[in-house]
There are 2 protein chains.
Amino acid sequence: MYNFGCSQYKLQSNPPRNFGVVMYNSFDLLDISGSVEPLFLLSSQQRLNLSLIAETLEPVHMRPAPGESYTAGSHFQLSINPTHTFADPPPDIDVLFVPGGGGERFGDNSAAVDFVRRTYPKVRYLITVCTGAGVAAQAGVLDGKRATTNKWAWKDVVSNGNNVQWTSPARWVVDGNIWTASGVVSGIDVIFEFMETFYGEEIVRLIQNATEHKRTYDPCDDPFAAWNKVPPSGDCRLTPYLHHE
Amino acid sequence: MYNFGCSQYKLQSNPPRNFGVVMYNSFDLLDISGSVEPLFLLSSQQRLNLSLIAETLEPVHMRPAPGESYTAGSHFQLSINPTHTFADPPPDIDVLFVPGGGGERFGDNSAAVDFVRRTYPKVRYLITVCTGAGVAAQAGVLDGKRATTNKWAWKDVVSNGNNVQWTSPARWVVDGNIWTASGVVSGIDVIFEFMETFYGEEIVRLIQNATEHKRTYDPCDDPFAAWNKVPPSGDCRLTPYLHHE
């Protein structure tokens, strides 16, 4: 299925290979899958490795976070199995990926925050989706950087980082080696931009075609900032990417 | 996080409550999560239940299917834990959801196909995403119906159902109680349409806002049919929904 048949495409000389996803309970499933799925399709053409890293090897649940109102009597959850623990992660993560979810705001995320704090200096890139920026902000790694997050959860998330240059409107923001996406589905646009940057336009066009994703190409195209009455701040425009070789 | 604060909204008198997802190895993660995540957000307001149904209770893997070319030396997989087996499913599924994935075309899907064949008559709605339509077609439940699927995988999938009115262009198609989405990301548009039909516009607007999804509202808006040179066939327009009470 995933033999895209493209004979050649532009490729950075030393593209990222090893992706690590920070897992914590009450994560948002689509925050993870929006990036993992396009990378999975890419992994048939490029040597890519995926690690799912959590506090323990027990299944990690998408479910209502402690303190969330969940009064409708639903039983709606799903669990994913980690491959590594925060105490024993893979040694060679190129890209650390931090999803959002209710657990970011209502759960005990201290283990995930600590892991991001001590791991960020060793990785080449950090990508956050949605309220995952709140985890990165608590870890202090966004200090002094431009970053964005979910506009609906804006006030809660930005309170995690007083020294962050929170940027709105913005569908995503790149500052140095940190890529921050806005709400859930914007993460799909970000991973396409990321893949195009490092693996070239041709393969990304094929993956876009296979997933039928109508990409947003302009990082400033963010109707949800106005919908959520988030005041303009910062500069959403892309700057030249830093390539950490 | 998920208290949307909407006091009331239009609601069908007997909306679907119980969602069952058919799981099989080499599924596409985003096919599942594109629907599961918006429904999860809805589940804080509406009583909704989720079952993940597979041949056994062992973890089900997103990974290259047998026979797929996967020569890049990658190690890129993820596993989800089922809650029920095909032999012992929940008795009261309102909505049966069938995702796609490489396993649809290269794996042994006979258990999933059999389950869809015998379960469809008992459910109120069937939703397929991407090549999930191929599983439904093999089960025979699309015979005589209009349906669509991933345009990139079009030829392979339509060969599974000679008596299906395969429809292109179409981002999605509704015929009777069967909703079929096109490629992966179109499933997000379909679940929003489905939620709006049964749970009302107000809550769906809030969930769209929280997920920052730029919806496609027109089921005929399908640029990927032309991209993939799929000849026009059938009628993509929506017909009045059948409400199975």
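Residues numbered from 1 in each chain as written. Chains lettered and ligands numbered in written order. Predicted model: local features only at pLDDT ≥ 70, side-chain atom pairs only at ≥ 80, totals over all residues. Heavy atoms only, no water.

- As recorded in an unreviewed UniProt entry, chain A goes by ThiJ/PfpI and comes from Cordyceps militaris.

1. Considerations on the side chain of A:Asp31
Residues and elements named next belong to chain A.
- You can see Asp31 is positioned in helix α1 (residues 29-42).
- Arg105 provides the closest opposite charge to the buried, salt-bridge-free Asp31, at an N-O distance of 10 Å.
- Dropping the residues within four chain positions of it, Asp31 is found in contact with Phe97, Pro99, Gly100, Gly101, Val129, Cys130 and Val184. (Helix = DSSP H or I, 4+ residues; strand = E, 2+ residues; numbered from the N terminus. Buried < 20%, exposed > 50% of the residue type's maximum accessible area, 1.4 Å probe, protein only. Lys, Arg positive; Asp, Glu negative; His and termini not counted. Salt bridge = Lys/Arg side-chain N within 4 Å of Asp/Glu carboxyl O. Contact = heavy atoms within 4.5 Å.)

2. Considering unusual backbone geometry
- Following A:Ser168, the chain continues into A:Pro169 via a peptide bond in cis, with omega recorded as -10 degrees.
- Phi is positive for A:Lys229, which is not a glycine, with a value near 55 degrees.
- The topology assignment puts A:Lys229 in the segment after α8 (223-227).
- The exposed category is assigned to A:Lys229, whose relative accessible area is 72%.
- One non-glycine residue with positive phi stands out, namely B:Cys130, at about 55 degrees.
- Relative to the assigned elements, B:Cys130 resides in the loop between β7 (125-128) and α4 (132-138).

3. Quick look at the sheet that holds strand β11 (residues 178-181) of chain A
Residue and element names in this part refer to chain A.
- Pairing in this open sheet of seven strands is mixed, and the strands run β5-β2-β1-β6-β7-β11-β10 from one edge to the other. Bordering the open sheet on either side are β5 (84-85) and β10 (172-175), each of which pairs with just one other strand.
- Pairing of strand β6 (residues 95-98) with strand β7 (residues 125-128), which is carried by four bridges, proceeds in the parallel orientation. Looking across to β7, one finds that Val98 is bridged to Thr128.
- Here helix α6 (residues 186-199) sits on the sheet in contact with β1 (18-22), β6, β7, β10 and β11, set at roughly 150 degrees to β11. (Pairing = 2+ DSSP bridges. Axes fitted to C-alpha atoms, helices over the stretch in contact; angles between N-to-C directions.)

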